[in-house]
Amino acid sequence: MGCRPQIARRSPTGHPGAIRWIEPGVQRSFLGAKVDPGFRALRGPGMTVEARVRGKCGFLTRENSARVRAAGLIGGAAPAPSAGMDGEAPLLPDVFARWFAARGWRVRDHQLQCLALAAEGRSHLLIAPTGAGKTLAGFLPSLVELSSGAAGRGLHTLYVSPLKALAVDIARNLERPVSEMGLNVRIETRTGDTPAARRQRQKYAPPDILLTTPEQVALMLTHQDAPRFFGGLRAVVIDEIHSIFATRRGHLLALGLSRLRALSPALRVTGLSATVPEAARLLDFLGGDAALVRAGAGARPLVAILNSENRIPWSGHSARHALAEVYEAIRAAKMALVFVNTRAQAELTFQALWAANEDNLPIALHHGSLDVEQRRRVEAAMAKGSLRAIVATSTLDLGIDWGDVDLVIQIGAPKGASRLTQRIGRANHRMDEPSRALLVPGNRFEMLECVAAEEAIKEGALDGEAPREGALDVLAQHVTGIACSAPFNADDLYTEVVSAAPYARLSREDFDKTLEFAATGGYALKSYERFRKIVKTPEGLYRIRNAHVAQAHRMNAGVIIDAPSFTIRLARKGRGGRKLGTVEEWFVEGLAPGDTFLFAGEVLRFEGVEGTDAYVTRAPGEDPKIPSWNGGKFPLSTFLAERVRAIIDDPARWGALPEQIRDWLGVQRDVSVIPHKEEMLVETFPNNGRHYLVCYPFDGRLAHQTLGMLLTRRLERARVQPLGFVPTEYSLSVWARKDMSGLDMDALFAEDMLGDDLESWLAESVLMKRTFRDCAVIAGLIERRHPGQTKTGRQVTFSADLIYDVLKEHEPDHLLLKAAWADAARGYLDLARLQGLLTRIKGRIRHAMLDRVSPLAVPVMLEINKEMVAGEGREAMLKEASDALIAEAMGR
Amino acid sequence: MSERPFILVNGERVTLLTAGALLLGDGETLVVSDLHFEKGSHFAAKGVLLPPYDTRTTLRRIATLMKNLKPRRVISLGDAFHDGAAEARMDEEDANLLSALTGAADWLWILGNHDPEPPARFAGAVETAARIGGLLFRHEPAVPAEEGEVAGHLHPVARVRTERGAMRRRCFVTDGARLVMPAFGAYAGGLNVLDEAFAPLFAEPVAHVLGGDGVYPFWGRALVPDPGFKAAPPHGRAAASGRAG
């Protein structure tokens, strides 16, 4: 009694917008009545699970497909001509048809559409849910062409994956159909791990299909024989394209594609994407006249929100209050994937589940800091089906499907409908059956966010990411790379570059500046003419100065900048010790010897640092100091934020919320204000001798943090003596010595704070230096530190900070400073979001003057002591730390 | 002149300036070390096209100090020029600025390993070492220790742990008997004070760290090594395990 999850769910027959909550009593009988397969399956036992085909190629079985067609779930169209039945598929040669038939499979509609488009040489984008045979659809045209004798004439198909491991796995999976059909097709991979000898051999004897990463494509394009190597390239397949198209790596890849098209004009590009709303942008990215192919949408996922019997916490994300119920859900499932948002949360959740694990279920942990070997072991165990649950971060968002997951549990806020949809898609890899997901909010606002996300998924609505303009540092790298390969004409290269979607709006002036930067550093006041890295030939072409410069460029290529990190090792007597994983530098620096923390599912004691190794010993049974890793935090999407505001605004919809949340909002209405969805509520109140201002923009932590920085500057000028601020995903709290209720709120939140205030804050901020360093490395101004490259103590390196200071003093408009600004605005400040927020609330601020903290303000007030933001106080910190040391030494 | 904060080195009063320069107790002698003029163009010749403004930045910083402090004498403690050809690469405007500075006070060029020859076109006396009161000025610190020595060469920086993460800054290092100055040049890099190069010089070093608005002392376990660097045997760092509090 009482230990079963109490699950809020939407009625399967309900119209959009209506949420029905199951009362505990009703629930049990509901579970008994077989109304909802998803719901029943949450209880698990007794359910029959058919054998499934694992791996990305996941075809339907013949029995399945018949059932699916009967249910009308594949497209709406007539059944596709099916290999192995009477009609011969015109696009599919015999050997393929026989192979399909022998497996009891049939070709899917979208796979045939891809074949047809490829036969015309047309680029295309395939949007398909997981389990729809997407990868095979991408390779089928190439295999068909290669089977008819195109093989052996150089590189035919280039497959690009954002993940190295994915490229390797796909290569393995692809070997099977190739060998079973007896095709004469050579498949190889090339990643950063590929030995030099094999790379060399690939150069002279290219495989038919090469599976690789965006970085390797860029690197291969710098070689002098790139025109020969890629000259006969027929197809490029880009996997998981939705995950990279809007990033710097996407920019690098887009430029690479523009180059490949120039080298092989008949090239067709196939993009493979999960279900995302940005189809138009992805088509742009593929370029040309790319066509869109959509696989059937598959069954809508069944999403439930866990409504814990325990009190929903005011703050925090760990959902510890509900973990006993999460454990029950895991117990009832065949295999559950438990997603959390940060690595620290993964550790905590894993620990808590382990403590609750009375049945000794095999539960594993998977996140980006863990050692690769360990992750591989977990993945293998998943594939074998020997695990019951895996606690994971975004490391399992993408990539190969490892197992028969039948339940996805999202702990903490989903943050965005698209992300949640993809995560849910990790369950149940047959598109005809709904994936099942359980959302577990960690606090009250997260409950609202979960409800908004659940509604969005029910409606099939998704949130998209606005693309950013192509980064100039990436362009500089590309231009240098091209110069390494062969002399180029600037006009031609410009035409080529603007054919890449992220650079479509690049002006000729900015292109020329970037070229000049790549060649000489592009300094306006002084020239390094005699030290040019890219020189002009008498014919007016640009080429790299010499082989030495080209080699230096290749060493430096790529756009991923790794944050400095430490290897976590178990200390042994003597030296060495097993590697457990890696963590960011700053985390280790926050540790003192003897501190304990959770890592890789156990409590470890920090012993000390040697070089880049952090030594630890096991400390079972000790209370861990909680690691607060920043890694893996995503901001709440604009789209979900709007939905949350709308839910709060409309008391008619509160009926669908759990009672605790209803009460919470009800009291808020009584003692303060419930803002309209277009408004922003600002509350001012005294508390413990300080004065608080809390506002609720719902625009995500990053934008709120920037707002906090700028507001405190204004409040300083208003002489209310601000003392600090704390942002959350939903609100921002600022506190001061003096009362802020008399301030003109419209003036305080006026848009012009993005002018001088921003400028003067950033001038002092370490943030700009950090982004500058990344840009300088990517653009090739300074060389990256290579992992494993040990520095002897005497070797003095110069730091990017010094260069930043000098450049800013003399040439504040330099290209690299602009690139750094663009990067900071997007990645660290979320300026676009803040701009949107300030515009939206202009003239729409509701100010409530209160005599005490309001219910809505409680969550952010509880965060205050947990995490204070490092604002402008870094200088002050130095003094404080030194004073503390002195005080200690003086025995005070 | 108002009272300046000072520390004692071998009994002599010296003021540590946040800019990374040293002012002797008489207020008339300014010391800067490791200026490394034209380091930027040196790297440019090797294909690393750093902004070519480092010499100007360094000169302007000295000019500001000289304007504010009006020293009678300026000591450059060696490695003023990054390499033998640096003087030739210096552009006209920078050369004029340096000439103006060497004309505005008595300059003493202490020779360093990067610039073993005296400058050809700039005024000033040239020495390999110089003694003023109880202090001995030379470029490279000597082992075994010589009391009262003020040297440069090592470009000390300290990495300090604060509640908001580590900060890495240039610093002075002293034990009260001798002093190593931070590099002053705009592009001069740094070497962590925990590096073994410092070990023979100091038994219990105190790093005076350059902050934005002051110079702050740190020692013992408050100093942390750079990642990737092998720290010298700890100066009693491991002994304490608790936190400042």
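Residues numbered from 1 in each chain as written. Chains lettered and ligands numbered in written order. Predicted model: local features only at pLDDT ≥ 70, side-chain atom pairs only at ≥ 80, totals over all residues.

## Focus: the overall build of chain B
Link 1 in the chain: Secondary structure summary: chain B contains four helices and 16 strands in total.
Link 2 in the chain: The burial tally for chain B puts 51% of its 245 residues in the buried class.
Link 3 in the chain: In chain B, of all internal contacts separated by at least 6 residues, the share reaching a separation of at least 24 is 67%. (Helix = DSSP H or I, 4+ residues; strand = E, 2+ residues; numbered from the N terminus. Buried ≥ 20, exposed ≤ 12 C-beta atoms within 10 Å, placed from the backbone. Contact = placed C-beta atoms within 7 Å.)

## Here we look at the overall build of chain A
Link 1 in the chain: Secondary structure assignment for chain A yields 34 helices and 26 strands.
Link 2 in the chain: A total of 892 residues make up chain A; the buried ones form 49% of that total.
Link 3 in the chain: Long-range contacts, defined here as pairs at least 24 residues apart, represent 74% of the contacts in chain A between residues at least 6 apart.

## What to know about the domain arrangement of chain A
Link 1 in the chain: According to the domain assignment, chain A contains domain 1 (7-50 + 299-459), domain 2 (62-294), domain 3 (472-556), domain 4 (570-614) and domain 5 (638-763 + 839-875).
Link 2 in the chain: When each unit is reduced to the centre of its C-alpha atoms, the spacing between domain 3 of chain A and domain 5 of chain A is 47 Å. (Domains from an automatic or database assignment.)

## Considering the sheet that holds strand 4 (residues 29-32) of chain B
All names here are of chain B.
Link 1 in the chain: The strand order across the open sheet formed by seven strands is 1-2-3-4-5-6-7, and the pairing between neighbours is mixed. Two strands in the sheet have a free side with no partner beyond their single neighbour: strand 1 (7-9) and strand 7 (125-127). Neighbour to neighbour, the strand axes of the sheet diverge by 30° on average, direction disregarded.
Link 2 in the chain: The pairing of strand 1 with strand 2 (residues 12-16) spans three bridges and is antiparallel. When the sheet's bridge partners are listed, V9 is paired in strand 2 with E12. (Pairing = 2+ DSSP bridges. Axes fitted to C-alpha atoms, helices over the stretch in contact; angles between N-to-C directions.)

## Let's talk about the confidence of the model for chain B
Residue and element names in this part refer to chain B.
Link 1 in the chain: Per-residue pLDDT for chain B averages 88, and the proportion of residues at 70 or more is 90%.
Link 2 in the chain: Per-residue pLDDT stays below 50 along residues 230-245; that stretch engages in 25 contacts with residues further than four places along the chain or on separate chains.
Link 3 in the chain: The complex prediction reports pTM at 0.80, with the ipTM value standing at 0.89. (pLDDT = per-residue confidence, 0-100.)

## Section: unusual backbone geometry
Link 1 in the chain: For the bond from V143(B) to P144(B), the omega torsion is 0°, close enough to zero to count as cis.
Link 2 in the chain: Within the element layout of this structure, P144(B) appears in the loop between strand 9 (135-138) and strand 10 (149-151).
Link 3 in the chain: Even without being a glycine, R719(A) presents a positive backbone phi close to 60°.
Link 4 in the chain: The topology assignment puts R719(A) in the loop between helix 26 (701-717) and strand 24 (722-727).
Link 5 in the chain: Residue R719(A) is classed as exposed on the basis of its C-beta count, with 10 C-beta atoms lying within 10 Å.
Link 6 in the chain: The phi dihedral of H155(B) falls on the positive side, at around 55°, and the residue is not glycine.

## Examining the packing of helix 29 (residues 766-778) of chain A against helix 30 (residues 800-810) of chain A
All names here are of chain A.
Link 1 in the chain: Packing of helix 29 against helix 30 brings their axes to within 9 Å, and their N-to-C directions diverge by 100°. Viewed along their axes, helix 29 and helix 30 adopt a mutual orientation that is roughly perpendicular. Residues K769, F772, R773 and A776 of helix 29 form the contact with helix 30, whose own contacting residues are A800, D801, I803 and Y804.
Link 2 in the chain: For the contact of helix 29 with helix 30, the per-class residue count stands at five nonpolar, no polar and three charged. (Parallel < 35°, antiparallel > 145°, perpendicular 65-115°, else oblique. Nonpolar A, V, L, I, M, F, W, Y, C, P; charged D, E, K, R; others polar.)

## Focus on the nonpolar core
Residues and elements named next belong to chain A.
Link 1 in the chain: Core analysis: the biggest nonpolar cluster contains 287 residues, and A336, V338 and I409 have the highest contact counts within it.
Link 2 in the chain: Top element by residues in this core is helix 17 (residues 444-459). It accounts for nine residues.
Link 3 in the chain: In this view, I409 contacts V326, A329, A336, V338, F339, L438 and V440; residues no more than four positions away in its chain are not counted.
Link 4 in the chain: Core analysis: the second largest hydrophobic core is formed by 14 residues, I568, A571, F599 and L604 among them. (Core = buried A, V, L, I, M, F, W, Y, C linked by C-beta atoms within 7 Å.)

## Quick word on the sheet that holds strand 5 (residues 209-212) of chain A
Note: strands within a sheet are paired through backbone hydrogen bonds, in either parallel or antiparallel orientation.
Residues and elements named next belong to chain A.
Link 1 in the chain: Taken together, seven strands build an open sheet; the order of strands is 4-5-3-6-7-2-8 and the sheet is parallel. The outermost strands of the open sheet, each flanked by one partner alone, are strand 4 (187-190) and strand 8 (291-294). Geometrically, the sheet is characterised by an average inter-axis angle of 20° between neighbouring strands, direction not taken into account.
Link 2 in the chain: Alignment of strand 2 (residues 124-127) against strand 7 (residues 268-273), held across four bridges, turns out to be parallel. Residue pairing across strands places L126 opposite L272, the latter belonging to strand 7.
Link 3 in the chain: Most of the contacts of helix 12 (residues 279-286) go to strand 2, to which it runs at about 145°, and overall it touches strand 2, strand 7 and strand 8.

## A few points about the confidence of the model for chain A
All names here are of chain A.
Link 1 in the chain: The share of residues in chain A with pLDDT of 70 or more is 81%, and the mean pLDDT across the chain is 80.
Link 2 in the chain: Note on residues 787-797: pLDDT is under 50 here. Beyond four places in sequence and across chains, it has 15 contacts.
Link 3 in the chain: A low-confidence stretch, residues 867-873 stays under pLDDT 50, and its non-local contacts, those more than four residues away or across chains, total 12 contacts.

## Observations concerning the pairing of strand 11 (residues 156-162) of chain B
Residue and element names in this part refer to chain B.
Link 1 in the chain: Among the seven residues that make up strand 11, seven are buried, leaving the element largely enclosed by the rest of the structure.
Link 2 in the chain: Covered by surrounding structure in strand 11 are P156, A158, V160 and T162 together with V157, R159 and R161, the residues of both alternating faces.
Link 3 in the chain: Sheet analysis places strand 11 next to strand 14 (residues 191-192), joined by two bridges and oriented parallel. Bridging from a neighbouring strand, P156 pairs with L191 of strand 14.

## Looking at the environment of T582(A)
Residue and element names in this part refer to chain A.
Link 1 in the chain: Tracing the backbone through its elements, the reader meets T582 in strand 18 (residues 579-584).
Link 2 in the chain: A residue is classified by how many C-beta atoms lie within 10 Å of it, and T582, with 20 of them, is buried.
Link 3 in the chain: Measuring from C-alpha to C-alpha, the distance between T582 and F599 comes to 9.8 Å, with 17 residues separating the pair along the chain.
Link 4 in the chain: Setting aside residues up to four positions removed in sequence, T582 forms contacts with S369, S565, F566, T567 and I568.

## Looking at the packing of helix 11 (residues 248-263) of chain A against helix 18 (residues 472-485) of chain A
Residue and element names in this part refer to chain A.
Link 1 in the chain: Where helix 11 contacts helix 18, the axes come no closer than 10 Å and their chain directions differ by 35°. Our pair here, helix 11 against helix 18, has a crossing hand that is right-handed. On the side of helix 11, the interface is formed by R248, H251, L252, L255 and R259, while helix 18 contributes V474, L475, H478 and I482.
Link 2 in the chain: Partitioned by chemical class, the residues of the contact of helix 11 with helix 18 number five nonpolar, two polar and two charged. (Left-handed = near helix turned anticlockwise from the far one by under 90°.)

## Regarding the pairing of strand 3 (residues 157-160) of chain A
Residues and elements named next belong to chain A.
Link 1 in the chain: Alternating positions in strand 3 separate into two faces, T157 and Y159 on one and L158 and V160 on the other, with burial throughout.
Link 2 in the chain: Pairing analysis gives four bridges linking strand 3 to strand 5, with the strands arranged parallel. Within the sheet, the bridge partner assigned to T157 lies in strand 5 and is I209.
Link 3 in the chain: With four bridges connecting them, strand 3 and strand 6 (residues 235-238) associate as parallel partners. Within the sheet, the bridge partner assigned to V160 lies in strand 6 and is I238.

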